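Listed below, chain by chain, are the residues.
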Amino acid sequence: MPVGVQAPEASPGRYRRRRDEDDDDGGGGGGCDDVLGVDVVDNGADPFDIPAKRASVERLRRWRQAALVLNASRRFRYTLDLKKEEEKEQIRRKIRAHAQVIRAALLFKEAGEKNAPTELPGLANLLKTNSEKGIHGDEADLACRANAFGANRYPRKKGRSFLGIKEGWYDGASIAFAVFLVIFVTAVSDYKQSQQFQHLNEEKQNIQVEVIRGGRRFQVSIFDIVAGDVVALKIGDQVPADGVLISGHSLAIDESSMTGESKIVFKDHKSPFLMGGCKVADGYGTMLVTAVGLNTEWGLLMASISEDNNEETPLQVRLNGVATFIGIVGLSVAAMVLVVLVARYFTGHTTNPDGSPQFVKGQTSVKSTIFGTIKILTIAVTIVVVAVPEGLPLAVTLTLAYSMQKMMADKALVRRLSACETMGSATTICSDKTGTLTLNQMTVVRSVVGGIKLKSPADIENLSHVVTSLVREGIAQNTSGSVFEPELHMKFVEEKSKSSIIHVSPFNSEKKRGGVAVIVGDSDIHVHWKGAAEIVLALCTNWLDVDGKIHEMTPDKVDEFKNYIEEMAEESLRCVAFAFRNLDLVDVPNEDERVNWELPDNDLTFIGIVGMKDPCRPGVRDAVELCINAGVKVRMVTGDNLQTARAIALECGILTDSQASAPVIIEGKVFRAYSDVEREAVAEKIAVMGRSSPSDKLLLVKALKKKGNVVAVTGDGTNDAPALHEADIGLAMGIQGTEVAKESSDIIILDDNFASVVKVVRWGRSVYANIQKFIQFQLTVNVAALIINVVAAISSGNVPLNAVQLLWVNLIMDTLGALALATEPPTDQLMKRPPVGRREPLVTNIMWRNLFIQAVFQVAVLLTLNFRGQDLLHLTQDTLDHANKVFNEFNSRKPEELNIFDGVSRNHLFLAVVSITVVLQMMKEQLHLCDCASPSSQNDEL
């Protein structure tokens, strides 16, 4: 009792019985107090009137509030738990009610046995009623009687609502959630992949075009071309829009993409119209854009078609075979489990938790039989769902999409999906030199003109006017480029204006030279040639001295010039020679016949040689060394002479001093002269091929493939298209590469850098490795889930993993597992392994070892928990807990290593997926426990 508060005296009696005589009519208007002669005491009149015993909870609560207010400092000493008291009181009421019912039943039974007449008049008087007329029956009388004695109703158990929120929703909602999550993740993955492919298609179509604006040449996107632009065209370019020819020399257009005919059409002022989408097969020129976008035939054609991205890669084909095999095994297991469970059910061997059989012939209802059969069928179907590894295609899709996105950041645009995985198997890379291994930034550092070495490349003080004018004329006119700011002590535009071009023989990689015929004045015709130094030198019969005099080319002079070329080549300089000859005007065909005129290249007069330095790209040597350590042979195929090629190869690390001899270094014409058998025998020994043509590169690729190599080839020219197409992986250069080369390639190297090629190899190996990780993870879970279900079904007639649990396992391993393992970034460890062979199995011996150990561990734990878990854990009322799959997911990250956590902190997506898995698992378990709390769920789970 709180201090300072005096308890009021307990009332001597809460009810006072009245002995007034009853009215004869059985009624009485005395109100509720007249009913049964009982005074109804107002409980609210004196809230603190607490009886000595059995005080109501409401009064105790009010008393407690008053006590707490009066003595707040000691409030926590009041230890009476009113909530428990209410519960106890409710139990007491139920017991009293049951006792009264039993007592009434006994009284009626005794009365019937004694056959004693009931004192009806006295009972009727007590109830203020008449045995013949009944009660008054007005609203006040009925209300008073209902208030005093209660209504003739009893509480009924609340039925299950339509939504079934409190119980019975666990299985259905869990299955629906699992299916929704799988569909959602798959849909998001497919959508992102579609977006990625769309982005890649836009990148592929985003061709860079050279336009002339404000007197300068700019590289702009084909999408930025506008009507009125002047576009410069050269061999290998795509015509960006419809237009007309302004000027051109030997301009040949391949219109097969528009007309369907492979005939090459020459363009001149008689046939000046150019159609967008066509390719420049030869020559160069400028065009005026007259129509763009949908106003062109090419634009209308592109708007009516769409590129098909549903390409199925070889790895996907192999995985589909694996998935089909696993699905057949799972279907067989499910059929066996179905047969066993059905047989046990109808033979009475399947029991309820209390040990009674679930099916008794002639006693079990049809409804119960149908439900039992459906439950068995559900288990069999879920086993099939778990066994079918639909996550394998999803893992490939995620891996390829993720890799393509990351490769784009590494300056590699994937045009064909199969190249991603094939690049991981590459055993050799045949690389160009210029622009790939080198920077393609030519600087003239040596020059020989007029038979003498110049002190500096631009030192022309000792040269006569005749020599300098010929050199300037040859440089200015025999080119398809332009100079905005002159740097060679010559006014470029001014020099071009001194003569007019009448015919051009464009430079190409087959001839390795280019020529131009110009008219000076009214009748002087000069034919200028430039190209590979030793090739041009071989065409010369004369040479020009510093005074402008022409001398016969003697053998000694030839050797002297060759020595100059070799000296420059040994310094890794690219040698270009200049020569010319005079023609009479009568020897030049008229304009109509000039289209097919072959410029004369005999009896030339040698002018001079320049040596240009093209330095190696930074990091190329490290990239080549990385390839060598990874078991990938790097071969350089170049049009330069052997000395220049040898010097660059030594600088890049492709060659060592001990290897710098035949047949490691070979010239293209020598290799070309071999028979097929000889080429195959020598192909794998070749490290450097100099003075090679595109056809030589094609022959090398074929020979290497016949020897079992997986060949990657880089190329940039139109003539490289056959080799790029023949190779296992064609790599076109994004900057220097022509559109013809790009369309023949599988991957476009956007920065023309060999280091980016090596990054592609890393990503290719990463794709294959990630797929193997997921296969190990998938097979381990499949084997464990199938074995425990088969063993449990045969032995006990029940499976430890129900439909929801099996779908949850399926969700983790097919969706979240694929997302986590398929996005592992490449590591340096990948480049320390040999290439993956063409026919190497997807599941290696190491994977089988890991799979076996993990499966045995999981099966042992699960079977132990299934049969002895309740005894071991002393939880006789608990259900069997299934194994945690997160542990196996970590193991699958590093199939070949003991430290499975190495680098895991750098893979944020993997950690996020594992965290989500753990959170979802905890949520699932919490929901599972909540559902088990209901009586119906407990019966189901038991």
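Note that the structure is predicted; figures quoted are calculated from it, not measured.

Reading guide: rules and limits
- Residues numbered from 1 in each chain as written.
- Predicted model: local features only at pLDDT ≥ 70, side-chain atom pairs only at ≥ 80, totals over all residues.
- Heavy atoms only, no water.
- Helix = DSSP H or I, 4+ residues; strand = E, 2+ residues; numbered from the N terminus.
- Contact = heavy atoms within 4.5 Å.
- Areas by Shrake-Rupley, 256 points an atom, 1.4 Å probe, with all protein chains shown as cover.
- Pairing = 2+ DSSP bridges.
- Axes fitted to C-alpha atoms, helices over the stretch in contact; angles between N-to-C directions.
- UniProt positions renumbered as here; feature names shortened; annotations may be inferred.
- Core = buried A, V, L, I, M, F, W, Y, C linked by side-chain atoms within 4.5 Å.
- Buried < 20%, exposed > 50% of the residue type's maximum accessible area, 1.4 Å probe, protein only.
- Domains from an automatic or database assignment.
- Expected span 1.5 Å × (residues − 1).
- Arc of directions from axis to C-beta.
- Phe/Tyr/Trp six-rings, centres within 6.5 Å; stacked < 30°, edge-to-face > 60°.
- Lys NZ or Arg CZ within 6 Å of the ring centre and 35° of its normal.

> Hey, could you run me through the overall build of the chain in this one?
Along its length, the chain carries 28 helices and 24 strands. Taking contacts inside the chain between residues at least 6 apart in sequence as the whole, the part at least 24 apart equals 69%. Per element, the accessible surface of the chain, about 50,300 Å² overall, is 56% carbon and sulfur.

> Where do I start with the sheet that holds strand β9 (residues 428-431) in this structure?
Each strand in a sheet pairs with another by means of backbone hydrogen bonds, the pair being arranged parallel or else antiparallel. As summarised here, the arrangement of the eight strands in space is β8-β24-β23-β22-β9-β19-β21-β20, forming an open sheet in which the pairing is mixed. At either end of the open sheet lies a strand with only one pairing partner, and these are β8 (412-414) and β20 (665-667). Between one strand axis and the next, the sheet turns through 20° on average, direction left out of account. Relative to strand β24 (residues 747-749), strand β23 (residues 729-733) is paired through three bridges, and the arrangement is parallel. Among the inter-strand pairings, L731 is bridged to a residue of β24, identified as I747.

> I'm lost on the UniProt feature "transmembrane region" (unreviewed entry) in the chain in this one. Help?
As recorded in UniProt, the feature "transmembrane region" (unreviewed entry) lies at residues 168-188, 322-346 and 376-402. In residues 322-346, helix accounts for 100% and strand for 0%; the two terminal C-alpha atoms are 36 Å from one another.

> How do you make sense of the nonpolar core when you look at a structure like this?
Across soluble globular proteins, nonpolar side chains have a tendency to be buried as a group. Within the largest apolar cluster, 74 residues are counted, with the highest numbers of intra-cluster contacts made by I654, I729, I747, F754 and I775. At 14 residues, helix α23 (residues 754-796) tops the list of elements feeding residues into this core. Residues lining this core come from more than one domain, with at least three contributed by each of domain 3 (315-402 + 762-929) and domain 4 (428-439 + 617-752). Those residues within four positions of I747 in sequence are excluded, and the remaining contacts are M407, A412, L413, V414, R415, A419, I729, G730, L731, A732 and V760. Counting 29 residues, the second largest nonpolar core, distinct from the first, contains V558, F561, A577 and L583.

> Where do I start with helix α9 (residues 366-387) in this structure?
Count 3.6 residues to each turn of an α-helix, and residues three or four apart come out pointing the same way. Taking 1.5 Å of rise per residue, 22 residues should cover 32 Å, and α9 covers 32 Å from first to last C-alpha, within 8% of that figure. Burial in α9 covers these residues: T369, G372, I376, I379, A380, T382, I383, V386 and A387. Buried residues in α9, looked at end-on, bunch into an arc of 160°, giving them a common side. Across from the buried face of α9, at angles greater than 90 degrees, the exposed residues are V366, K367 and F371.

> Looking at this structure, how should I read the packing of aromatic side chains?
A ring pair, where both rings are aromatic, is described by two values, the distance of the centres and the angle of the planes. Within this structure, the stated rule accounts for eight aromatic pairs. Arranged with centres 5.1 Å apart and planes meeting at 70°, the rings of F346 and F359 form a pair that is edge-to-face. Taken together, the residues span a long stretch of sequence, with F346 in helix α8 (residues 314-346) and F359 in the loop between α8 and α9 at a distance of 13 residues. Its relative accessible area of 39% is what places F346 among the partly exposed residues. Between F671 and Y674, the ring centres sit 6.5 Å apart and the planes meet at 75°, which makes this aromatic pair edge-to-face. Residue class for Y674 comes out partly exposed when judged on its relative accessible area of 29%. Each residue in the set W543, F561, Y564 and F606 is aromatic and connected to the rest through ring pairs, giving one cluster. The lysine or arginine in question, R513, covers the ring of W529, its NZ or CZ lying 5.7 Å from the ring centre.

> Just checking my understanding: could you explain the pairing of strand β10 (residues 443-449) for this structure?
Two faces belong to every sheet, and in a regular strand the side chains alternate between them. Of the strand pairs in this sheet, β10 and strand β18 (residues 604-613) are connected by six bridges, and their pairing is antiparallel. Counted as the bridge partner of T443 is K613 from β18. Inspection of the sheet shows β10 paired to strand β11 (residues 452-453) by two bridges, in the antiparallel sense. Following the sheet pairing, V448 is matched in β11 by K453. Hairpin connection between β10 and β11: a loop of two residues separates the two successive antiparallel strands, and G450 in this loop has a positive phi of roughly 70°.

> Is there a simple way to explain the environment of S257 in this structure?
As for its placement among the helices and strands, S257 is situated in helix α6 (residues 256-259). Of the residues examined, S257 reaches a relative accessible area of 32% and is grouped as partly exposed. Note: C-alpha distance between S257 and W298 (41 residues apart in sequence) is 9.0 Å. Not counting the four nearest positions on each side in its chain, S257 is found in contact with G277, C278, W298 and L301.

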